[in-house]
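Residue-level structure breakdown
For reference, the chains in residue letters:
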There are 2 protein chains.
Amino acid sequence: MDRRQKKTRQAVFEAFTGLLERKPYGKISVQEIIDAADIGRSTFYAHFETKDELLRALCADIFRHVFSEGLQRESTHDFSTREKDLRAELAHILYHLDDSRSCIRAILSCESGEIFMRYFKEHLARVFAGELERQSAQAPRDYLLQHLVWDFAETVRWWMKHDGYSAEEVSRFFFAAAPVT
Amino acid sequence: MDRRQKKTRQAVFEAFTGLLERKPYGKISVQEIIDAADIGRSTFYAHFETKDELLRALCADIFRHVFSEGLQRESTHDFSTREKDLRAELAHILYHLDDSRSCIRAILSCESGEIFMRYFKEHLARVFAGELERQSAQAPRDYLLQHLVWDFAETVRWWMKHDGYSAEEVSRFFFAAAPVT
DNA sequence: TCATAACCGAACAAACTGTTCGGTATTATG
DNA sequence: CATAATACCGAACAGTTTGTTCGGTTATGA
């Protein structure tokens, strides 16, 4: 990838998150992003079709780091091992989210948070999908899966709003309050 | 309130939710709402300062019915009574949400859902506030309270997406999966 | 060195926003 | 019924934002 492209892309991302910290997504104009990033108008549109697409790209960029490796979790039948694996994977996710904390906090501070959360939950659904094989008579399987997903996603949102907790602590909070079984 | 005002207001609400079913909040222009409601431009602005304010008013209108009476729950110290009261109050909320189902579903289908959920959670926080007096060493009190709030709010969002479940069933799902203790 | 590709920035049409204002129709009230 | 108040209409307006185009400039990598 051309050095100029990377630089421009990064400048836009930074300008965007910087603005996001000060005003809600909906009130930020493309022109402001362009000015803040200090690039030409046509350059912006050469990189991103629209403001929404920029947000999407930014989220993808974050998740690329967060969900990078956790793919190869063994599908073992040993329960205790499996739970240990899950805990490890979630811990890994929390650690990497912490790296982008200020950026994520900015995104979550307004409507753009909805977009972020939607992508985030899509990823999480894949992570949790294997956890619920035993049927429950109490509620639909889909409900229970989504329950885990939004519990974790909302826990992260809560974490981003409340400084001072480590990834380990938050992980404990989650397992204490969520019905992971 | 003047009969004309009520009519106009209602027409705008209907036009708005109608549009919301077809396209995301952010892509709907005030002009479209005006055309769909078949009113004059200045009339719209006489009623609502902005599109956001219209959404806020619509949410308030819904919640006015949903959270109407449940205020006078006794603060008894009898646990079983208190839980019964809570169940009754949540059931009441679910019933009334069901009345506005199509409208709510439209709102929840896009970014506007974020706004709806925020107001909804504010109301719910008040409902659940009394439930958690006993300290827990496992997690901060605030976390546990918010946990209940988003569990119920997200349960409702899930319900709105999945037709065919009664308020009672959904209530049971919630109590089966949430750590209401 | 040199072809390629990225960037610049001015200019443009189109759409949307929020306000104003003079005129018309409906309402509540006496 | 008469009338004052008030909601509505809709055209016109300035200002902003959007997304595109295009000729020219500059940096990159081979």
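Computed from a prediction, not measured in an experiment: that's the story for all the values here.

1. A short note on the relation of the copies chain B and chain A
- Mapping chain B onto chain A calls for a screw motion: a turn of 180 degrees about the axis and a shift of 0.0 Å along it, with 0.1 Å RMSD after fitting. When the rotation and shift are considered jointly, the pair of chain copies conforms to a two-fold rotation axis.
- Looking at chain B, 96% of its interface residues are interface residues in chain A too, so the copies touch through the same face.

2. Details of the domain arrangement of chain A
Residue and element names in this part refer to chain A.
- Considered domain by domain, chain A is made up of domain 1 (3-54) and domain 2 (64-177).
- Distance between the C-alpha centres of domain 1 and domain 2: 29 Å.
- Each side of the interface is counted separately: domain 1 has six residues, and domain 2 has eight residues.
- Of the roughly 510 Å² buried between domain 1 and domain 2, counting both surfaces, carbon and sulfur atoms make up 70%.
- Considering only the surface of domain 1 that becomes buried against domain 2, Thr17, Leu20 and Tyr25 emerge as the three largest contributors, covering 66% of it.
- Inspection of the region where domain 1 meets domain 2 yields zero salt bridges.
- In terms of residue class, the side of domain 1 that touches domain 2 is made up of three nonpolar, two polar and one charged.

3. Side note on helix α8 (residues 141-161) of chain A
- In this model α8 of chain A runs 31 Å from its N-terminal to its C-terminal C-alpha over 21 residues, within 8% of the 30 Å that 1.5 Å per residue would give.
- In terms of burial, α8 of chain A is a largely internal element, 17 of the 21 residues being buried.

4. Some words on the environment of Glu83 of chain B
Residues and elements named next belong to chain B.
- Topologically, Glu83 is positioned in helix α5 (residues 79-99).
- Overall, Glu83 belongs to the partly exposed group, its relative accessible area being 34%.
- Spatially, the C-alpha atom of Glu83 lies 9.1 Å from that of Val180, the residues being 97 residues apart in sequence.

5. Quick word on the interface of chain B and chain A
- Each side of the interface is counted separately: chain B has 27 residues, and chain A has 26 residues.
- Around 2,300 Å² of area is buried between chain B and chain A when both sides are counted, 57% of it from carbon and sulfur atoms.
- Broken down residue by residue, the surface that chain B buries against chain A is led by Glu114, Tyr143 and Trp158 of chain B, which jointly contribute 25%.
- Connecting chain B to chain A are four salt bridges.
- Inspection of the chain B/chain A interface yields twelve residue pairs in polar contact (both at pLDDT 80 or more).
- Of all elements in the fold, only α7 (112-128), α8 (141-161) and α9 (167-177) of chain B reach the threshold of two or more residues within the side of chain B that touches chain A.

6. Focus on the environment of Trp150 of chain B
Residues and elements named next belong to chain B.
- Position of Trp150 relative to the elements: it lies in helix α8.
- Trp150 sits in the buried class, given a relative accessible area of 3%.
- As for Trp150 and Phe175, which are separated by 25 residues in sequence, their C-alpha atoms are 13 Å apart.

7. Examining the protein's contact with DNA strand D
- Around DNA strand D, the structure places 20 residues, and the nearest of them are Arg41 of chain A together with Thr8, Gly40, Ser42 and Thr43 of chain B.
- For DNA strand D, the fraction of protein-proximal atoms (within 4 Å) that sit in sugar or phosphate groups is 59%.
- Within the contact set of DNA strand D, a base nitrogen lies 3.4 Å away from a side-chain nitrogen or oxygen of Arg4 of chain A.
- Contact distances for DNA strand D include 2.9 Å between a phosphate oxygen and a side-chain N or O atom of His47 of chain B.

8. Details of the packing of aromatic side chains
Residues and elements named next belong to chain B.
- This model, assessed by the stated rule, comprises 38 aromatic pairs over all chains.
- Taken together, a centroid distance of 5.8 Å and an interplanar angle of 5 degrees make the contact between Phe63 and Phe120 stacked. Placement of the pair is Phe63 in helix α4 (residues 51-66) and Phe120 in helix α7, with a sequence separation of 57 residues.
- In this structure Phe63 comes out as buried when scored by relative accessible area, which is 3%.
- Relative accessible area serves as the criterion here: at 0%, Phe120 is assigned to the buried category.

Definitions and cut-offs
Residues numbered from 1 in each chain as written. Chains lettered and ligands numbered in written order. Predicted model: local features only at pLDDT ≥ 70, side-chain atom pairs only at ≥ 80, totals over all residues. Heavy atoms only, no water. Least-squares fit on C-alpha atoms with pLDDT ≥ 70 in both. Contact = heavy atoms within 4.5 Å. Domains from an automatic or database assignment. Buried area = accessible area lost by both parts, 1.4 Å probe. Salt bridge = Lys/Arg side-chain N within 4 Å of Asp/Glu carboxyl O. Nonpolar A, V, L, I, M, F, W, Y, C, P; charged D, E, K, R; others polar. Helix = DSSP H or I, 4+ residues; strand = E, 2+ residues; numbered from the N terminus. Expected span 1.5 Å × (residues − 1). Buried < 20%, exposed > 50% of the residue type's maximum accessible area, 1.4 Å probe, protein only. Polar contact = N/O pair within 3.5 Å; in protein donor to acceptor, adjacent residues only side chain to side chain. Near = heavy atom within 4 Å. Phe/Tyr/Trp six-rings, centres within 6.5 Å; stacked < 30°, edge-to-face > 60°.

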